Each structure stands twice: as structure tokens, then as C-alpha cells.
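Structural features, examined
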Amino acid sequence: MIQDYIGIGLLLLTAIGFCGGVLLFSALTAQKAHTNPAKDEAYECGLPAAMAEPRIRFSVKFYLIAVLFILFDIETVFLYPWAVVFRDMIQGGWTIFVAMLSFLGILAAAFVYAWRKGALDGR
Amino acid sequence: MSPVFSNLLAQPGVALAAEAAVKIAVVIVVLMGMVAYTVLAERRICALIQDRLGPNRVGAFGLLQPIADSFKLLLKENVLPGHVNRFWYVLAPTIAMAPPLLTLAVIPFGNTLAGFNLVIADLDVGVLWIFSIASLGVYGIVLAGWASNSKYPFLGGMRSAAQLISYEVPMGLSVVSVFLLVGSLKLSNVVAYQAGTWLIFKAPLAFLIFLVSAFAETNRLPFDLPEAEQELVGGYNTEYGQMKFALFFLAEYANMIVASALIVTLFFGGWQVPFVRVEAFGPILAGALGVAAFFVKLLAFIVFFIWVRWTLPRFRYDQLMRLGWRVLLPLALLNIVATALALALKLRA
Amino acid sequence: MEAALFHLFSFLTLAGALLVITRRDPVNAAMLLVLTFFFMAGLFVLAHAWFLAAAQILVYAGAIMVLFLFVIMLLDAKEETRRCFGRVAGVGALAVGGALLAALAGVIRDGRLWRVPAGDAEGTTAAVGRLLFNTYLLPFEVASVLLLAATVGVIVLIRAPRRPDDAPPSA
């Protein structure tokens with residue numbers, strides 16, 4: 001119902017107001033910052049900042065995890081409406097069960113492939 | 001009440017908005033109070049587990065400690081380090097804090113009281129709303145790590161993001177078997193379904209997968225790799241101070257409370273009072289008892305979260321990834337097929 | 001009220017999309033795109049497509065844009081900001097954009113979109129489920145093959161240059 005989203009909209013505004021309000025209020029109450037060169041350096045456990053390399057080359061593995069996440073996220077989105085109508089539609093025949101079994105079967109093939117290729121090692 | 005005011009309230013939209021505003025105010029105040037005292041509870045319980053006393057000087061039993069802490073954080077020096085990307089550095093904590101506030105909207109914290117449904121918005125998409133909003137929390141952490149322009153926060157942020165998205169999958173899949181049984185995503189329907197038996201007894205494997213994923217999603221031990229002190233200093237919030245740091249801290253505890261509330265609603269009957277027919281006490285008392293039951297279950301889970309944190313050691317990063325992708329994910333998929341098959345055989349018999 | 005909100009969200013969506021393509025900093029552009037998806041979800045809510053609105057946030061704002069952000073951070077955002085596109089890329093972009101615009105105009109002129117007034121159909125999860133598993137069963141099954149192809153493609157692309165027994169170089 002569209003009425004339900006009145007609460008959502010108000011909560012959205014409240015959340016923005018709360019987070020912004022906390023930042024603004026704390027900026028007023030805070031002690032003024034005393035700058036000194038050390039405070040402007042990135043934290044390096046006491047080592048000179050010159051030793052720090054601000055950008056580290058990052059493993060492409062993170063990209064792989066993100067893609068696999070998208071694939072299974074989309075799968076989840078398909079599973080939700082299926083779960084909701086399952087009770088009603090199973091009365092009419094096994095189609096609804098077989099439909100999802102074949103869908104999951106094909107995705108299981110993708111999953112097994114990713115596993116065999118070492119994409120799920122976490123290394 | 002003045003006639004102008006009562007006329008305004010007679011408009012259907014305005015009355016609904018006023019009702020929602022009151023609920024939002026109550027929920028936010030209660031949540032913030034709970035966050036403050038969960039922090040204290042965490043420190044006292046961890047002290048108990050480690051045979052220490054914990055903070056007990058400010059007020060009786062240290063009960064004023066959260067107030068003292070918040071004043072301290074408000075008065076701290078407002079440092080904006082020179083090496084950060086200013087815009088995203090300031091905005092990241094608010095992006096982390098907003099999702100737990102927004103997800104609370106759909107969780108019913110009671111049945112009805114004086115004719116009002118005790119939920120801010122009982123959406124048809126229910127749990128899907130929680131997952132979609134919670135998935136935005138990743139941005140706060142990634143942006144904090146990136147905007148800090150510093151080694152440890154960046155490492156912590158990327159690790160944390162990888163962990164969050166990895167465990168979102170088994171978490172989302174585990175509840176499918178719940179929806180198969182209930183036939184709806186709406187949380188009020190999920191609670192109503194548990195009037196007789198709680199869902200933990202009907203879908204125990206789903207509960208187990210959901211619980212483990214919830215620990216990972218809230219960055220709690222044994223899954224607290226994003227802030228693994230021994231290797232990452234403080235993780236994504238290393239370069240933060242004052243209220244900006246406090247917002248990350250609050251968000252972490254708010255997330256824990258939301259996760260506990262969701263577990264209670266999905267698997268432990270929500271506001272249902274076990275063994276007692278509360279309707280017999282009249283509508284007002286029955287409603288109040290429902291709210292009380294919800295909060296007792298919620299507090300029990302919060303204590304459980306804290307207890308686990310101070311009992312278990314931390315996973316290694318590759319172990320964490322393997323548990324999510326190689327154990328929980330296939331288990332959740334098998335659980336869905338098994339539940340569907342059992343339900344089909346039962347309904348078609 | 002709903003009409004006013006529709007205009008507000010339409011304006012915000014378009015303004016957000018415009019800002020996305022005019023930002024030089026890729027991180028700013030990506031986060032503006034997240035915001036744009038959020039406004040689009042608002043439009044879906046106003047069209048009573050409840051399920052679609054939540055799925056939009058979950059999949060686009062919460063999953064696909066995380067991947068975008070990962071890629072931006074794996075590359076160097078500062079370098080990307082300085083990069084300029086050549087004439088060939090510009091012409092290519094114009095061609096693709098023009099083709100998309102033509103396709104969109106075709107759909108709008110077709111008129112089928114206007115026959116269902118917003119608010120007549122309720123896009124609940126159950127309604128989407130019934131449609132998906134009756135009328136659109138075949139496209140649903142095909143989607144799984146698409147996801148399989150995507151998985152295989154990504155793994156092949158990432159793993160291609162390396163040998164299977166490629167151990168990390170010892171320090």
C-alpha cells in the first residue's frame with residue numbers, strides 16, 4: 001500500500017536529519033582543532049609518513065568476489081517471489097518446483113565451476 | 001484540541017503521517033538508548049568473562065558511563081587530517097549510520113496497542129526491504145577506507161566490504177525456506193505464522209546459517225577482521241576521531257540490535273508470548289505483554305552476541321571466505337530444495 | 001500528492017543522472033549513480049511496483065554499484081580524473097547513446113506503456129511471482145543460463161593470463 005511508504009519517507013528524512021544533526025552539533029561543541037604537521041600525516045604506527053605508500057595495488061580477487069556476489073544476489077531476488085507463491089502454485093502441479101530446480105541446477109553448475117577454478121578459495 | 005488542528009488530523013494522509021512520526025520518534029529514542037547501554041553491557045559482560053570489574057565508577061554500577069562517554073566524544077578536538085578526501089571523509093560515517101535506522105521501519109515490535117499497529121511500515125516486501133537497505137551500509141565502510149588516504153583504513157575497508165557482500169548471499173538465501181513456509185515476505189505475517197510453533201523448530205538449519213551470517217554482517221567476533229587490531233590497527237575508522245568516529249561505533253551497535261531484532265522476528269516468534277494466551281488479559285495488557293516479550297527476546301540475543309564475541313577467537317581471512325562461499329552457500333541452497341520438496345509432498349498428499 | 005511526488009522524483013532522477021555523466025571524479029560519479037537508483041526506486045514505489053522498488057535498491061544500488069566502486073578503487077581514481085577521451089571514443093559514445101535514444105523513442109511511440117495506468121496493478125511480491133512462473137517462465141529459465149555464462153566469462157577473464165599451477169612469487 002502506498003500509505004505504508006509514508007512512514008518510510010518520514011523515516012528517511014529523520015535518518016538524514018539525525019546523521020546530519022549529529023555532525024553539525026558536534027562541530028559546534030568540539031574543541032577547535034590545533035593543527036600540527038604530525039596530525040596531517042597518515043597513521044603509520046610511528047614510522048615516518050614517507051615510508052607509507054598510500055595506494056596499494058589491490059588483488060583482482062576482490063573484483064571476482066563482487067561479480068559472484070551480484071550473480072547470487074540476482075538469484076536471491078528470483079527466489080523470493082518463487083517462495084511466496086510456492087504454497088499456492090504447488091497445488092496446481094509440479095511445474096513450480098521443477099522450474100526452480102532447473103534454475104538452481106544451472107546455477108549450481110556455475111557454482112561448481114567457480115569452485116573448481118579456485119575462485120572461492122578466499123586467497 | 002483546537003478545531004484547526006483536529007480538521008488537519010482528519011485528513012487521512014496527515015493522520016497516518018502523524019501516527020508514523022510518533023512511532024519513529026519512539027523507535028529512534030529507544031534504539032539510541034539501547035545502543036548506549038549495549039555498549040556499557042558489552043564492557044561489563046566482557047569484564048565479567050575476563051574476571052575484571054569493568055566501568056563501575058560513573059553512577060551506580062557505572063550506569064552513567066554512556067552519558068559521560070558521549071559528552072567526552074562531543075567535546076573532543078575536531079580534527080580533519082590534511083591527507084583525506086574531505087567530502088567523503090565527513091560523509092562516510094553518516095552513510096554507515098543511516099541503514100540501521102531505516103531497516104527498523106519494517107520490524108514489528110508488538111502486536112497492537114490502543115488500536116495502533118506497533119510497526120512503522122508493514123511493507124509487503126518486508127525482509128527484502130531490510131536486505132536492500134542493509135546492503136547500502138557497505139558504502140560507508142568502503143568510502144571511509146578510501147577517503148582516509150591511508151594504508152590501514154583502505155585495507156580494512158576493502159576487506160570489510162568483501163566480507164559484507166560475501167555473507168549477504170547465504171543470509172539472503174537462508175530465509176527463503178522461511179518464506180516457503182509462511183508464503184509471504186511481510187514480517188507481520190511471519191510473526192502471525194509463529195503463533196503456535198516458532199520457526200526455529202521448523203527451519204533450524206536456516207536459523208543457523210542466518211545467525212552465522214548475521215555475526216559476519218555486523219563485523220562481530222569471530223568475524224571482526226575489518227578491525228582486527230593486531231594487523232590493521234583499527235581498520236576503516238583508524239583516521240577518524242570525535243563524533244565522526246562515534247557514528248561508526250553507534251552504527252556497529254545499532255546494526256547488532258537490528259540483527260537481533262530480525263532474528264527474534266524471523267525465528268523466535270517476534271512479539272508472540274509463549275505458553276500464555278495473552279488475549280485473556282484484555283487488549284491493552286495483551287499488547288503491552290507482546291512488546292515486553294519482544295524486548296526480553298531481543299535483550300537475550302544482544303547478550304548472546306556479546307557473549308560470543310568474548311568467547312571465540314578470530315577467523316583468518318581465507319577461512320572466513322571459505323566458510324561463507326563453500327559451506328554456508330551450498331548448505332542454504334540444499335536447505336531451500338529440501339524444504340520445498342518436503343512442503344510439496346505434504347501439500348500434495 | 002502522489003503526482004507532486006512523481007514530478008519531484010522524476011526531476012531528481014534526471015538531475016542525478018545528468019550529474020553522474022558530468023562528474024570528472026569517478027567515485028563522485030558512482031555515488032551519484034547510487035543516489036539516482038534510489039530516486040528511481042522512489043518512482044517504482046509511486047507506480048505501486050513494491051517488489052521492483054526493493055529489488056532495484058538491492059541489485060543495482062547495493063550490488064552492481066559495489067562492483068563499480070571496487071573497480072574504481074582498484075584502478076587509480078586520481079589518474080582517471082585526469083584522463084581525456086579521444087575523438088574515436090567520443091563518436092562511439094554518441095553512436096551508442098543515439099541508438100539507445102532511438103530504441104527508447106520507439107518504445108514510447110509504441111504506446112503499449114500507456115495502456116496500464118499506474119496504480120491499477122499492485123506490484124506485490126506474490127503478483128510478480130505469479131507472473132514470473134506462469135507467463136514469463138521461459139525468460140526466467142533463460143536468465144539462469146545468462147548468469148552461468150557471466151560466471152564462466154568472469155572467471156576465464158580473470159584467470160586467463162595465468163597458468164593453473166601459478167604459485168605466488170616467493171619473497
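Residues numbered from 1 in each chain as written. Chains lettered and ligands numbered in written order. Predicted model: local features only at pLDDT ≥ 70, side-chain atom pairs only at ≥ 80, totals over all residues.

1. A look at the overall build of chain B
Assigned secondary structure in chain B consists of 15 helices and two strands. In terms of overall dimensions, chain B is globule-like: its C-alpha atoms have a radius of gyration of 22 Å, near the 20 Å expected for 349 residues. Over its C-alpha atoms, taken along the principal directions, chain B stretches across nearly 60 × 60 × 45 Å. The buried share of chain B, taken over its 349 residues, is 54%. Within chain B, residue pairs in contact and separated by at least 24 positions form 77% of the contacts whose partners lie at least 6 positions apart. (Helix = DSSP H or I, 4+ residues; strand = E, 2+ residues; numbered from the N terminus. Rg over C-alpha atoms; globule rule 2.2 N^0.38 Å. Buried ≥ 20, exposed ≤ 12 C-beta atoms within 10 Å, placed from the backbone. Contact = placed C-beta atoms within 7 Å.)

2. Regarding the interface of chain A and chain B
Interfaces are frequently sized by the accessible area removed from exposure as the parts join. Counting from both sides, the interface comprises 57 residues of chain A and, opposite them, 69 residues of chain B. At the level of secondary structure, the elements contributing two or more residues to the side of chain A that touches chain B comprise helix H1 (4-29), helix H2 (61-89) and helix H3 (95-116) of chain A. Examining the composition of the side of chain A that touches chain B, we find that 18 residues originate from one element, H1(A), more than from any other. Tallied by class, residues from the side of chain A that touches chain B come to 37 nonpolar, 11 polar and nine charged. (Nonpolar A, V, L, I, M, F, W, Y, C, P; charged D, E, K, R; others polar.)

3. A word on the interface of chain C and chain B
The interface is formed by 16 residues belonging to chain C together with 19 residues belonging to chain B. Counting only elements with at least two residues in the side of chain C that touches chain B, the list comes to helix H2 (26-46) and helix H3 (50-74) of chain C. When residues of the side of chain C that touches chain B are assigned to their parent elements, the largest contribution, 11 residues, is made by H3(C). A class-by-class count of the residues in the side of chain C that touches chain B yields 13 nonpolar, three polar and no charged.

4. Some remarks on the domain arrangement of chain C
As assigned here, chain C comprises domain 1 (1-83) and domain 2 (124-162). Put simply, the middle of domain 1 of chain C and the middle of domain 2 of chain C, counted by C-alpha atoms, are 23 Å apart. (Domains from an automatic or database assignment.)

5. Side note on the domain arrangement of chain B
Residue and element names in this part refer to chain B. Once the domains are mapped, chain B shows domain 1 (1-75) and domain 2 (79-348). At the interface, 18 residues of domain 1 touch 16 residues of domain 2. Of all elements in the fold, only helix H2 (12-49) and helix H3 (65-75) reach the threshold of two or more residues within the side of domain 1 that touches domain 2. At 16 residues, H2 tops the list of elements feeding residues into the side of domain 1 that touches domain 2.

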